[in-house]
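Geometric and topological summary
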Amino acid sequence: MLTDDEFKRFHEDGLVVPAGFRLSDARIAALREGVEAVKAANPGVDGQRLIGPHLAKKVEGCVHGSRVFMDLAQDQDILDMVERIIGPDIILWSTHLFCKEAGTGKEVPWHQDGQYWPIRPLATCSVWVAIDDVTVENGAMRYVPGSHRMGHFRHEEKNDPDKALGLELGPGQLDMNLARHDTLAAGQVSLHDIHLVHGSAANRSNRRRAGYVMRYMPSTSHFGRFRPPGTKANFPGMPIFLMRGVDRDGRNDFAIGH
Ligand SMILES: O=C(O)CCC(=O)C(=O)O
């Protein structure tokens with residue numbers, strides 16, 4: 001599923017769109033129904049903060065989920081691509097539905113994911129699934145190719161109500177003119193590295209942009225269950241799932257939250 005060239009591109013750019021992968025129309029339809037079900041089951045939750053829609057059981061800080069999102073996280077073709085990137089021992093530690101509604105979906109400020117996560121050593125391959133067609137106009141993810149190889153950038157706590165994340169990259173550290181858009185047709189996916197600088201603009205179009213992100217880490221890392229500064233997520237109580245292989249670190253807890 002991931003060719004040698006795509007594997008190379010992932011390491012060079014920090015993001016790749018596998019050309020040979022596309023979900024069927026039936027699965028896209030099922031995901032769209034899942035989006036509606038999750039929105040209906042979680043009234044009042046911001047559409048871009050639908051955290052953990054793969055969870056069957058209610059967990060503090062996460063939404064009431066829908067089975068379709070766990071089914072996709074278990075998709076063997078997706079796991080094969082993830083395995084190529086992070087190796088054969090794979091933990092699903094989180095998922096996130098970013099439903100950027102037409103006209104109102106907020107900007108996701110520039111950030112590196114690792115700044116928010118209690119994983120040591122920091123390692124995750126995120127798989128971003130386009131549930132709708134994703135264009136520049138409806139707020140495609142944008143990223144700075146190669147930024148994942150430049151170390152940690154300084155982040156500032158802004159908590160801007162017009163933005164979907166509280167922390168963001170401080171100014172003057174990176175030339176944002178180098179950014180590219182991750183435009184995708186519904187059913188396509190992109191894979192991105194934990195250190196990639198990325199974000200997305202507000203959705204000013206009249207078309208929704210829903211994307212579902214599945215976060216996989218290698219079990220050679222430890223899911224530490226602490227809250228890094230600036231985060232409110234329930235990392236201490238979140239259930240994690242061994243999708244393939246064994247727990248190489250040996251300290252990952254697969255009972256909490258289940
Ligand atoms: O979907 C977006 O706009 C942002 C996604 C993102 O920040 C992520 O997947 O890490």
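Residues numbered from 1 in each chain as written. Predicted model: local features only at pLDDT ≥ 70, side-chain atom pairs only at ≥ 80, totals over all residues. Heavy atoms only, no water.

**Some remarks on the overall build of the protein chain**
For the protein chain, the count of helices and strands is four helices and 15 strands. Principal-axis analysis of the C-alpha atoms gives the protein chain an extent of 45 × 40 × 40 Å. In the protein chain, which comprises 258 residues, the share counted as buried stands at 56%. Taking the contacts inside the protein chain whose residues are at least 6 apart along the sequence as the reference set, 81% of them involve residues at least 24 apart. Charged side chains of the protein chain number 31 positive and 33 negative; the gap between the two group centres comes to 3 Å. (Helix = DSSP H or I, 4+ residues; strand = E, 2+ residues; numbered from the N terminus. Buried < 20%, exposed > 50% of the residue type's maximum accessible area, 1.4 Å probe, protein only. Contact = heavy atoms within 4.5 Å. Lys, Arg positive; Asp, Glu negative; His and termini not counted. Charge placed at Lys NZ, Arg CZ, Asp CG, Glu CD.)

**A few points about the side chain of E6**
As for its placement among the helices and strands, E6 is situated in helix α1 (residues 4–13). For the buried residue E6, which engages in no salt bridge, the nearest side chain bearing the opposite charge is R9, 5.5 Å off. At a separation of 3.0 Å, a polar atom in the side chain of E6 contacts the main-chain amide nitrogen of T3. In this structure, E6 is in contact with M1, V16, V17, P18 and A19, ignoring residues within four places of it in sequence. (Salt bridge = Lys/Arg side-chain N within 4 Å of Asp/Glu carboxyl O. Polar contact = N/O pair within 3.5 Å; in protein donor to acceptor, adjacent residues only side chain to side chain.)

**A few points about the sheet that holds strand β4 (residues 108–112)**
Strand order in the open sheet formed by four strands is β4-β12-β7-β10, with antiparallel pairing between adjacent strands. Since the sheet does not close on itself, it has two edges, and those belong to β4 and β10 (180–182), each with one partner. With strand direction ignored, the average angle separating the axes of adjacent strands in the sheet is 25°. Relative to strand β12 (residues 197–200), β4 runs antiparallel, the two sharing three bridges. By the bridge assignment for β12, Q112 is matched with V197. (Pairing = 2+ DSSP bridges. Axes fitted to C-alpha atoms, helices over the stretch in contact; angles between N-to-C directions.)

**Concerning unusual backbone geometry**
Here the residue pair R120 and P121 is connected by a cis peptide bond, since its omega of -15° sits within 30 degrees of zero. Summarising the element assignment, P121 is placed in the loop between β5 (119–120) and β6 (125–130). The residue N159 is not glycine, and still its phi comes out positive at about 45°. Following the sequence through the fold, N159 ends up in the loop between β8 (155–157) and β9 (167–169). Given the relative accessible area of 43%, N159 is considered partly exposed. If you check the backbone angles, R225 has positive phi at about 60° while not being a glycine. Take R225: it is sitting in the loop between β14 (222–223) and β15 (241–244).

**Some thoughts on empty space enclosed by the protein**
For the structure shown, the criterion picks out one cavity of 30 Å³ or more. Estimated volume of the largest cavity: approximately 30 Å³. Lining the largest cavity are I51, G52, H54, L55, C62, W93, S94, T95, M238 and P239. In terms of residue class, the lining of the largest cavity is built from six nonpolar, four polar and no charged. (1 Å grid on protein atoms, 1.4 Å probe; cavity = no way out; pocket = protein on both sides within 12 Å on 5 of 7 lines; lining within 4 Å. Points joined across faces, edges and corners; volume = space filled by probe spheres on them. Nonpolar A, V, L, I, M, F, W, Y, C, P; charged D, E, K, R; others polar.)

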